[in-house]
Amino acid sequence: RSVELAAKQDQSYLSELETLKNRHLETITGLQLAEAQTHSLQQTITSEFSALEEVLRGVWITRLASERIVEFVSGHGELWSAQFLHAHLQARGHSSAWLDARDVLVVEPNTTAVDWKLSQQKLNAWQSDHPDIDLLVITGYIAATHDGVATTLKRNGSDLSASIFGALLGADSVTIWTDVDGVYSADPRRVPDAIIIPELSYQEAAELAYFGAKVIHPNTMSPAIANGITV
């Protein structure tokens, strides 16, 4: 929204940014972290919002909001939430690390086609540099092109990220958290006595998704199907 406002030369984009920054700073305070962790995260948020303000100033001047700018700005929410969760886990004694998916996940420009070989090599190298980790928090939704430009996995990108990294990490299963408890026999908003289907084949789930079931997107299942991973 801030990008759109800046492109329209609507000054309220600055107040939108300020509100969003304050919300994140308040969240950091609410996490009740150690003083050093709190200070570090606050510095990160303040610095990155300053950078975003400069980017949006450019959008304001040119009145141009390219797709690359939109994707660069929108991806920051994932970066911040991953760092917050990582800090929360560390504060509770877990051996945790966080990974910016753009450092390892490589996709073709303007698509969600993964360069599996290169992404696997980059992830393996990252893991070699970070041994003995119990919990790894990885950003969803974002990735990078071969030339290192930030991009996103488009609609339903966070779920797709989970499936992609499930494949790259050799996971046995991928759990998708959504606003319902599973795949229902019908739309529970229209059919009150709809029941959760306890088990589906990939083909059945894909067919339901194709015909409009929103609980899982067909793209999300592709890496899982290819690697035999339970969703």
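Residues numbered from 1 in each chain as written. Predicted model: local features only at pLDDT ≥ 70, side-chain atom pairs only at ≥ 80, totals over all residues. Heavy atoms only, no water.

1. Topic: the packing of aromatic side chains
- Within this structure, the stated rule accounts for 2 aromatic pairs.
- Look at Tyr13 and Trp60: their rings are 6.0 Å apart centre to centre, the planes differ by 40°, and that puts the pair in the tilted class. Of the two residues, Tyr13 sits in helix 2 (residues 12-30) while Trp60 sits in helix 3 (residues 35-62), which places them 47 residues apart along the sequence. Just as Tyr13 is buried, Trp60 falls in that class too.
- Ring plane angle 20° and centroid distance 4.6 Å describe the contact between Phe49 and Trp80, whose orientation is recorded as stacked. Here Phe49, found in helix 3, pairs with Trp80, found in helix 5 (residues 76-91); they are 31 residues apart in sequence, far enough to count as distant. Here Phe49 matches Trp80 in class, with each residue buried. (Phe/Tyr/Trp six-rings, centres within 6.5 Å; stacked < 30°, edge-to-face > 60°. Helix = DSSP H or I, 4+ residues; strand = E, 2+ residues; numbered from the N terminus. Buried < 20%, exposed > 50% of the residue type's maximum accessible area, 1.4 Å probe, protein only.)

2. A word on the side chain of Thr38
- Secondary-structure assignment places Thr38 in helix 3.
- Judged by relative accessible area, which is 16%, Thr38 ranks as buried.
- Discounting residues that sit within four places of it in the chain, Thr38 has contacts with Ile28 and Leu33. (Contact = heavy atoms within 4.5 Å.)

3. Examining the pattern of salt bridges
- Applying the stated criterion to the full structure yields 5 salt bridges.
- Put simply, Glu16 and Arg1 hold a salt bridge, and the shortest N to O gap is 2.9 Å. Taken together, the residues Glu16 in helix 2 and Arg1 in the segment before helix 1 (2-7) connect sequence positions 15 residues apart.
- Of the residues examined, Arg1 reaches a relative accessible area of 61% and is grouped as exposed. (Salt bridge = Lys/Arg side-chain N within 4 Å of Asp/Glu carboxyl O.)

4. Brief notes about the environment of Met221
- On the secondary structure map, Met221 appears in helix 9 (residues 218-227).
- Given the relative accessible area of 3%, Met221 is considered buried.
- Along the chain, Met221 and Asp103 lie 118 residues apart, while their C-alpha atoms are 23 Å from each other.

Functional significance is not addressed by these values, which are geometric in nature.
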